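# Structural description and commentary
Chain by chain, the residues run as shown.
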Amino acid sequence: MTSNNILTLGQKFSVLIVDDDKIIRRIHKVLLNKFGFESHTVENGKEAVDLYLSGKHFDLILMDMEMPVMDGPKATRELRAMGVNNMIVGVTSRGLDSEKQAFTEAGLDYCVEKPLTSETITSLLQELAKK
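Residues numbered from 1 in each chain as written. Predicted model: local features only at pLDDT ≥ 70, side-chain atom pairs only at ≥ 80, totals over all residues. Heavy atoms only, no water.

### Quick notes on the packing of helix 3 (residues 45-53) against helix 4 (residues 72-81)
For clarity, the threshold we go by: Orientation is described by lines fitted to C-alpha atoms, with helices fitted over the stretch in contact, and by angles between N-to-C directions that extend from 0 to 180 degrees. Helix and strand assignments come from DSSP, with helices taken as H or I runs of at least 4 residues and strands as E runs of at least 2, each series counted from the N terminus. Each angle is binned into one of four classes, with values under 35 degrees roughly parallel, values over 145 roughly antiparallel, values of 65 to 115 roughly perpendicular, and all other values oblique. Each helix crossing is assigned a hand: it is left-handed if the near helix lies turned anticlockwise from the far helix by less than a right angle, otherwise right-handed if that turn is clockwise. The criterion used for residue contact is that any of the two residues' heavy atoms lie within 4.5 Å. For this classification, the nonpolar set comprises Ala, Val, Leu, Ile, Met, Phe, Trp, Tyr, Cys and Pro, the charged set comprises Asp, Glu, Lys and Arg, and every other residue, Gly included, is treated as polar.
Following both chains from N to C, one finds helix 3 and helix 4 inclined at 15°, their axes separated by 8 Å at the closest point. On the basis of their axis angle, the class for helix 3 and helix 4 is roughly parallel. Of the two possible hands of crossing, helix 3 and helix 4 adopt the one that is right-handed. Of helix 4, the residues touching helix 3 (which contributes Gly 45, Ala 48, Val 49 and Tyr 52) are Ala 75, Glu 78 and Leu 79. Looking at side-chain class alone, the contact of helix 3 with helix 4 contains five nonpolar, one polar and one charged residues.

Printed below as a string of structure tokens:
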């Protein structure tokens, strides 16, 4: 699937990038925009929860694991408790399976390593298209 294929699907997906690292937010936003995503960024889990409380909606949430104010697992649990059933993908630089498992158990659909790659985004697009 190429970046143009998202248009073939007839949909434009929206993504919320939740990461405290400004450089990672920018890299992910540029890469996702190349794939046709409409992207929005916030710096921590609390800002993500607040966006949903204000009525915003995203097809995909990319959630960092470790952030100040509210970390990824806590934000994921809160979003799921609020009834958010959109795809939430954990994005982490942590390599330990036990840490990834704990993050996944908070309610993630998937957990991937950062930074995102074109292959990872293509895979996520295919999953979103199925929903």
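### Brief notes about the UniProt feature "modified residue: 4-aspartylphosphate" (unreviewed entry) in the protein chain
For clarity, the cut-off: UniProt positions are given in the numbering used here, feature names are shortened, and annotations may be inferred rather than shown by experiment. With a 1.4 Å probe rolled over the protein chains alone, any residue whose accessible area is under 20% of its type maximum counts as buried; one over 50% counts as exposed, and the rest are partly exposed.
Following the UniProt record, the feature "modified residue: 4-aspartylphosphate" (unreviewed entry) maps to Asp 64 here. If you trace the backbone, Asp 64 turns up in strand 3 (residues 60-64). What makes Asp 64 buried here is its relative accessible area of 4%. Residues contacting Asp 64, with those up to four places away along its chain left out, are Val 18, Asp 19, Asp 20, Gly 72, Val 91, Phe 103 and Lys 114.

### Let's talk about the sheet that holds strand 4 (residues 87-92)
Our working definition: Strand pairing is defined by DSSP finding a minimum of two bridges between the two strands.
If you walk across this open sheet you meet the five strands as 2-1-3-4-5, and the pairing is parallel. Only two strands of the sheet have a single partner each, and these edge strands are strand 2 (38-42) and strand 5 (110-113). In this sheet, neighbouring strand axes are inclined to one another by 20° on average, regardless of whether the strands run parallel or antiparallel. Sheet topology places strand 1 (residues 14-18) next to strand 2; five bridges connect them, and they run parallel. Pairing of Ser 14 across the sheet is with Glu 38, part of strand 2. Contacts from helix 3 reach strand 1, strand 2 and strand 3 within the one sheet, and its direction differs from that of strand 1 by about 145°. Docked against the sheet, helix 4 engages strand 3 and strand 4, running at close to 150° with respect to strand 3.

### Some words on helix 3
The following threshold applies: Taking the helix axis as origin, the arc is that swept by the directions to the C-beta atoms. N or O atoms within 3.5 Å of each other form a polar contact, as long as, within protein, one can give a hydrogen and the other can take it, and as long as residues adjacent in sequence are counted only when both atoms are side-chain atoms.
For helix 3, the set of buried residues is Gly 45, Ala 48, Val 49, Leu 51 and Tyr 52. The arc that holds every buried residue of helix 3, seen down its axis, measures 155°, which confines them to one face. Where helix 3 is buried, its residues meet strand 1, strand 2, strand 3 and helix 4. Here helix 3 starts with a cap whose side-chain oxygen sits 3.0 Å from the backbone nitrogen of Lys 46, and that cap is Asn 44. Directly after helix 3, the chain includes Gly 55, whose backbone phi takes a positive value near 100°.

### As for unusual backbone geometry
Across the junction of Lys 114 and Pro 115, the peptide omega takes the value 0°, indicating a cis bond. Phi is positive for Val 69, close to 70°, though the residue is something other than glycine. Note that Val 69 resides in the loop between strand 3 and helix 4. In this structure Val 69 comes out as exposed when scored by relative accessible area, which is 66%.

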